[in-house]
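# Chains, contacts and geometry: an overview
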Amino acid sequence: MIRDIHIISSIYDIGPLMGALSNPNSSLESLIVTVLRPDNANNDLRYSKRFTSSCGPPLPSMLYLELHRTPIGLVSPRYTNLRNLSLHHLPFSERLSRHDFLSLLEHFVMLEHLTLVHAFPKNVAAGSCSPGRIINTPYLRTVSLTGSILELANILESISLQTTGRIYCHVDKMDDFKTNFWKFARIIGSQFHAIADEAPLGALVIEAREDSKRFTDENVLNPDFRQALRIQVFRATEDIQPLLDLVIGPDASTAHDEVIISALVSVWDALPLMSIPSLTLQNLDIVTQKSWPRLLSVLSNLRVIEIAGHCPSGLLWTLLMNARSHSHLEHDDTSSLLLPSLEDIYLYNINCHAGGFMVSPSSVNLHCDLDDSRFLEVVSAYLEDRKRCSTSLRSLSISHCSNVTMNVLNEIKGYVPHLLWDHCGLLREDPALQTGRYAVYRSHWPSNAPPQRHYFRLRTLMESD
């Protein structure tokens, strides 16, 4: 007997097979059907008639069902032992109401893995379903969703995950950000609190990604510019799979830094991060000094920060100014010191001469107002002030970085017991370099940048002492 079927077909050829696929043999364990989208199809696919497979005896052998652009009728309630359901790009004309879709899912009481990629119910508006209804999915271990904010929120609030479960979400439509993202973040947090109670969290990883130059040569936002944010949370074990993997963007809305920063703050506030010991930042340089204090105030037990790629000058300036305010106190009260448990900082693949930006009233970077404080020098100043507060860090590690200068390294040796450097990226110093004012910046323009103003916050800070 046939146990596995994998079909790739055009919409024109799939019709004659639908009858057999709707009523498979009782030994079938896995069914994968992919309907290719016609090259000239600008609108939603439509099937000539509705197929159904709800009649007949149970088919307990079916364990895996993966459908791409197929009729919804292939999702049969007869699959009473189904473990993995994966629906992709369900034609809108084939989508069920939210009530009917959840009722269908309830038939799969043994379901362990649910994947929905642009395959959500039709009526996703708030209040379209009885509030508080949660379907019974006692064995559900992973949920993977790709769609709009409200589509994801309305599914997540209707299912229950095991306490060992994992959530994978990709919000690729952010046009309703202001209206609905708060709801989505709250639901993510609610689901995640139950998961996090099962075992301690080990690491928070945040990665930013950009496509195309940010501005045109006319110094306006490039219509092709896109950026995305990825937030991952891991357990404090050797498990390499995240408990939460959330990708936000890219789309036209996330091209604006305000949206990315607000999304990060909303999710950060919703997650139980108080006891997390490790934070990794990759290419996250858009969050400014105005937003970091709120984020860092939660991480009272953070012991390790890893920084890779673009330098988060906003983070270091937040830490520096906070530590400096404590280092000048005449008493030993460190109750408001950010990251009081911090022990180690790891720098990987960064440009140590990278500069930062001044901050606009709307709390985003001003890309034409440059702060020529070099990143490693700001790190050094922070480590110095932590030592003054009698809360010295244990170590600083520098690996695969560029523009590393010996004079700054020699300063840092006096501030931390352990300085680890792989001797890569040493910058040969000369008098011109030492007297040079400008830091290094990555270009946000296709060719020449517009006129820019240069500031030197670190020098001003030191001279004010």
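Scope of this entry: the structure provided in the associated data block. Quick caveat, the model's predicted, so the values are computed rather than measured.

## Some words on helix H7 (residues 313–327)
An α-helix turns once every 3.6 residues. As a result, residues three or four positions apart point the same way. Look at H7: 20 Å from first C-alpha to last across 15 residues, which is about the 21 Å you get at 1.5 Å a residue. Among the 15 residues that make up H7, 13 are buried, leaving the element largely enclosed by the rest of the structure.

## A look at empty space enclosed by the protein
Applying the stated rule across the entire model yields three cavities of 30 Å³ or more. Surrounding the largest cavity, Asp285, Val287, Thr288, Gln289, Ser313, Gly314, Trp317, Phe357, Val359, Asn365 and Arg457 form its lining. When contributions to the lining of the largest cavity are tallied by element, the ones reaching two or more residues are H7 and strand E14 (356–359). The dominant element in the lining of the largest cavity, judged by the number of residues it contributes, is H7, at three residues. When the residues that make up the lining of the largest cavity are grouped by side-chain class, the tally is four nonpolar, five polar and two charged.

## Here's the deal with the packing of aromatic side chains
As enumerated under the stated definition, the model contains five aromatic pairs in all. Ring centres of Phe215 and Trp445 lie 5.1 Å apart, and the angle between their planes is 20°; on these two criteria the pair is classed as stacked. Within this pair, whereas Phe215 is found in the loop between strand E8 (201–211) and strand E9 (226–235), its partner Trp445 is found in the loop between helix H10 (431–435) and strand E18 (453–455), the two being separated by 230 residues in sequence. Overall, Phe215 belongs to the buried group, its relative accessible area being 14%. The buried category is assigned to Trp445, whose relative accessible area is 3%. Their ring planes at 85° and their centres at 6.2 Å tell us that Trp268 and Trp292 sit as a pair that is edge-to-face. In this pair, Trp268 is assigned in helix H5 (residues 257–270) and Trp292 in helix H6 (residues 292–296), connecting sequence segments 24 residues apart.

## Some remarks on the state of the cysteines
What is meant by a disulfide is a covalent connection between two cysteines, made through their sulfur atoms. One pass over the full model with this rule turns up zero disulfides. Just so you know, Cys352 is unpaired, no disulfide at all, and the nearest cysteine sulfur is the one on Cys401, 4.7 Å from it. We classify Cys352 as buried; its relative accessible area is 1%. The thiol sulfur of Cys424 is not disulfide-bonded, and the nearest other cysteine sulfur, from Cys401, lies at 9.0 Å. The partly exposed category is assigned to Cys424, whose relative accessible area is 31%.

About the thresholds
- Residues numbered from 1 in each chain as written.
- Predicted model: local features only at pLDDT ≥ 70, side-chain atom pairs only at ≥ 80, totals over all residues.
- Heavy atoms only, no water.
- Helix = DSSP H or I, 4+ residues; strand = E, 2+ residues; numbered from the N terminus.
- Expected span 1.5 Å × (residues − 1).
- Buried < 20%, exposed > 50% of the residue type's maximum accessible area, 1.4 Å probe, protein only.
- 1 Å grid on protein atoms, 1.4 Å probe; cavity = no way out; pocket = protein on both sides within 12 Å on 5 of 7 lines; lining within 4 Å.
- Points joined across faces, edges and corners; volume = space filled by probe spheres on them.
- Nonpolar A, V, L, I, M, F, W, Y, C, P; charged D, E, K, R; others polar.
- Phe/Tyr/Trp six-rings, centres within 6.5 Å; stacked < 30°, edge-to-face > 60°.
- Disulfide = S-S within 2.5 Å.

Any functional reading would require information beyond the geometric quantities listed.
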